[in-house]
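Geometric and topological summary
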Amino acid sequence: MVTIDMQNSSNNPYRKALNTALRILTRRDHSKHELSQKLAARGHAGEVIDKVISECERFDYINDERTARVFIRRRHRKGYGRKRIRFEMNLKGFRDNQIQALLSKSISDADESQCAETIFQKHAGRFDREKDSLKRKDKIYRFLYARGFSKAVISEFFRKIG
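Description of the structure in this document. (Residues numbered from 1 in each chain as written. Predicted model: local features only at pLDDT ≥ 70, side-chain atom pairs only at ≥ 80, totals over all residues. Heavy atoms only, no water.)

**Quick word on the overall build of the protein**
Note the cut-off: By definition, any uninterrupted DSSP run of H or I lasting at least four residues is a helix, any uninterrupted run of E lasting at least two residues is a strand, and each is numbered from the N terminus. C-alpha atoms define the radius of gyration, and 2.2 Å times the number of residues to the power 0.38 defines the globule rule. Working definition: with a 1.4 Å probe on protein chains only, accessible area under 20% of the residue-type maximum means buried, over 50% means exposed, and in between means partly exposed. By definition, residues are in contact when any of their heavy atoms lie within 4.5 Å.
Secondary structure summary: the protein contains ten helices and zero strands in total. Starting at the N terminus and ending at the C terminus, the protein contains elements arranged as α-α-α-α-α-α-α-α-α-α. Taking 15 Å as the expected radius of gyration for a compact globule of 162 residues, we find that the protein reaches 21 Å, considerably beyond that expectation. With the principal axes as the frame, the protein shows a C-alpha extent of 70 × 30 × 25 Å. Here the protein holds 162 residues, and 38% of them are scored as buried. Within the protein, contacts between residues separated by at least 24 positions form 57% of all contacts whose residues are at least 6 apart in sequence.

**A closer look at the environment of Ile119**
Checked against the element boundaries, Ile119 lands in helix 7 (residues 109-122). For Ile119, a relative accessible area of 4% gives the class buried. Separated by 25 residues in sequence, Ile119 and Leu144 place their C-alpha atoms 8.4 Å apart. Aside from chain neighbours lying at most four places away, what touches Ile119 is Lys78, Gly79, Phe143, Leu144, Arg147 and Phe149.

**Comments concerning the packing of helix 5 (residues 82-91) against helix 6 (residues 96-106)**
Operational definition: Each axis is a line fitted through C-alpha atoms, taken for helices only over the stretch in contact, and angles between the N-to-C directions span 0 to 180 degrees. A crossing counts as left-handed when the near helix is turned anticlockwise from the far one by less than a right angle, and as right-handed when that turn is clockwise.
With their axes 10 Å apart at the nearest point, helix 5 and helix 6 run at an angle of 145 degrees to one another. Crossing hand, helix 5 versus helix 6: right-handed. Note on element contacts: helix 6 touches helix 5 through Asp96, Ile99, Gln100 and Leu103, opposite Arg82, Ile85, Arg86, Met89 and Asn90.

**Here we look at the nonpolar core**
Put simply, the test is: Grouping buried Ala, Val, Leu, Ile, Met, Phe, Trp, Tyr and Cys residues that are joined through side-chain atoms within 4.5 Å yields what is termed a nonpolar core.
Core analysis: the biggest nonpolar cluster contains 14 residues, and Phe120, Ile140, Leu144, Phe149 and Phe157 have the highest contact counts within it. Counting only elements with at least two residues in this core, the list comes to helix 7, helix 8 (124-128), helix 9 (133-146) and helix 10 (151-161). Excluding anything up to four places from it in sequence, Ile140 contacts Phe120, Phe127, Phe157 and Phe158. One finds Ala21, Ile24, Ile49 and Ile62 within the second-largest nonpolar core, a separate group that totals 13 residues.

**A look at the environment of Ala41**
Tracing the backbone shows Ala41 in helix 2 (residues 32-41). With a relative accessible area of 68%, Ala41 lands in the exposed category. Sequence-wise, Ala41 and Asp111 are 70 residues apart; in three dimensions their C-alpha atoms are separated by 38 Å.

**So, the pattern of salt bridges**
Note the cut-off: The salt bridge definition used is simple: a Lys or Arg side-chain nitrogen within 4 Å of an Asp or Glu carboxyl oxygen.
Per the stated rule, a full pass over the model turns up 16 salt bridges. The residue Glu57 makes a salt bridge to Lys32 at a minimum N-O spacing of 3.1 Å. Here Glu57 is found in helix 3 (residues 46-58), whereas its partner Lys32 is found in helix 2, with 25 residues between them in sequence. A relative accessible area of 33% places Lys32 in the partly exposed class. Of the charged contacts in the structure, one is a salt bridge between Arg136 and Asp128, with a shortest N-O distance of 3.2 Å. Through salt bridges that share partners, Arg28, Glu34 and Lys92 make up one connected network.

**Observations regarding helix 10**
As a reminder, the rule being used: An arc is given here, and it is the one of the directions from the helix axis to the C-beta atoms.
Within helix 10, burial applies to Val153, Ile154, Phe157 and Phe158. The buried side chains of helix 10 occupy one side of the element, clustering within an arc of 140 degrees when seen end-on. The outward face of helix 10, more than 90 degrees from its buried face, is lined by the exposed residues Lys151, Ala152 and Arg159. Where helix 10 ends, the next residue or the one after it, Gly162, has phi of about 85 degrees, a positive value.

Here you go:
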């Protein structure tokens, strides 16, 4: 465990940055990229940020794979498809090959199809108001596509509901 003298932290830029990083990490897991962005936004120097991040990695306070797995699980549970999750993970600074590997391990095709059905059922009321069946189908398609479901998953969904 890292012990930090709070009295000295105002004089030492490293300790100040480390304290900031630890406060940020107590709320939720962050990727290395996210943490470095937040530290830079608070005015810490690049070399100090690098030292703080390597120290946090050494103590396993940040772990990109763990953070990615938790993020994927959380977004999938909220009804998002692989494409949307991949996009959001890119914004968080994860690498494409890492994202693809974790997504394929975490979300099966059957899971994604089930997720599309579940999120549709949750929001079905908004589509029932549309009387024209083509317009209704179009709205459902746009809704699922915006949630990050692939065209194949959406087509399978329409085959199931007839």
